[in-house]
Amino acid sequence: MSTYKLYYFNGRGRAEISRLIFAAAGQKYEDVRFEREQWPGHKSEMPLGQVPVLEVDGTKLPQSTSMARFLAKQFQLAGKDNFEQAKVDAVVDTINDAITKFLPSRMEQDEAKKQELMNKFFADELPAHLQQLEVLGKLYGNGGAFFVGNQLTWADLYLFEMTNNLLQANGNCLDKHAWLKQNRAEVEKQPKIAEYIKNRPQTPF
């Protein structure tokens, strides 16, 4: 049986999708969390000098999306066949498009500029991305509340984590997207996910 270690900072960030996959699968792993002041002493241990990194049986794998896709395939959360996996990947890529647009406002240090960027993102950019995600959910979900094949995949977990961050910044951003709200509710109802969310460390990001 394989052993897994996940390296990241003490936050959700880009590692949380992998943690959610581990939780959904009921798979044990070592969750290594660096405080900021510890990181310089470990940076050289990582293949690309960055985290998150997933270590599988002693070999380190970088890049958060590659890590999550691998884990989803390991634990049957990636789709039942190659075409279902492609549909899941299409949803994930669409989520990543939204994240790419959101990050500049998330990372901005100047508070006035940050608010300006946030307002523009939520008013002018996010609605189109959410509409695209609803289109894919209705196209591939077989009439159910999950994105692909009427069963939980890592696309559902990824949307759940991404929208957690969005809702922290704007609690009304999903009000016009009933399908996405139902998708989130179905993810939250999964017993292993509910247990994980209840017990995970409370962190600022």
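Residues numbered from 1 in each chain as written. Predicted model: local features only at pLDDT ≥ 70, side-chain atom pairs only at ≥ 80, totals over all residues. Heavy atoms only, no water.

In the annotation of an unreviewed UniProt entry, the protein is listed under the name Glutathione S-transferase and assigned to Rotaria socialis. Here the protein is described in UniProt, under the heading Function (unreviewed entry), as follows: "S-crystallins are structural components of squids and octopi eye lens. Contains relatively little if any GST activity." (UniProt positions renumbered as here; feature names shortened; annotations may be inferred.)

At 3.6 residues per turn, the α-helix brings residues three or four places apart onto the same side. Along its length, helix 4 (residues 111-140) reaches its greatest deviation from straightness, about 50 degrees, at Leu126, and the proline Pro127 lies no more than four positions downstream. Within the sequence span of helix 4, burial applies to Lys114, Met118, Phe121, Phe122, Leu126, His129, Leu130, Leu133, Glu134, Leu136, Gly137 and Tyr140. Buried-residue contacts for helix 4 involve helix 3 (82-107), helix 5 (154-169) and helix 6 (178-189). Sitting at the head of helix 4, Asp110 places a side-chain oxygen 3.3 Å from the backbone nitrogen of Ala112. (Bend = angle between axes of the 7 residues up to and from the residue. Helix = DSSP H or I, 4+ residues; strand = E, 2+ residues; numbered from the N terminus. Buried < 20%, exposed > 50% of the residue type's maximum accessible area, 1.4 Å probe, protein only. Contact = heavy atoms within 4.5 Å. Polar contact = N/O pair within 3.5 Å; in protein donor to acceptor, adjacent residues only side chain to side chain.)

Sites flagged by UniProt as "domain: GST N-terminal" (unreviewed entry) map to residues 2-79. With 27% helix and 24% strand, the stretch residues 2-79 has end C-alpha atoms that lie 21 Å from each other.

Attention now goes to the pairing of strand 3 (residues 53-56). What you see with strand 3 is no split at all: Val53 and Glu55 on one side and Leu54 and Val56 on the other are buried throughout. With 4 bridges connecting them, strand 1 (residues 4-9) and strand 3 associate as antiparallel partners. Of the residues in strand 3, the one forming a bridge with Lys5 is Glu55. Both strand 3 and strand 4 (residues 59-62) contribute to a ladder of 4 bridges, which runs antiparallel. Of the residues in strand 4, the one forming a bridge with Val56 is Thr59. (Pairing = 2+ DSSP bridges.)

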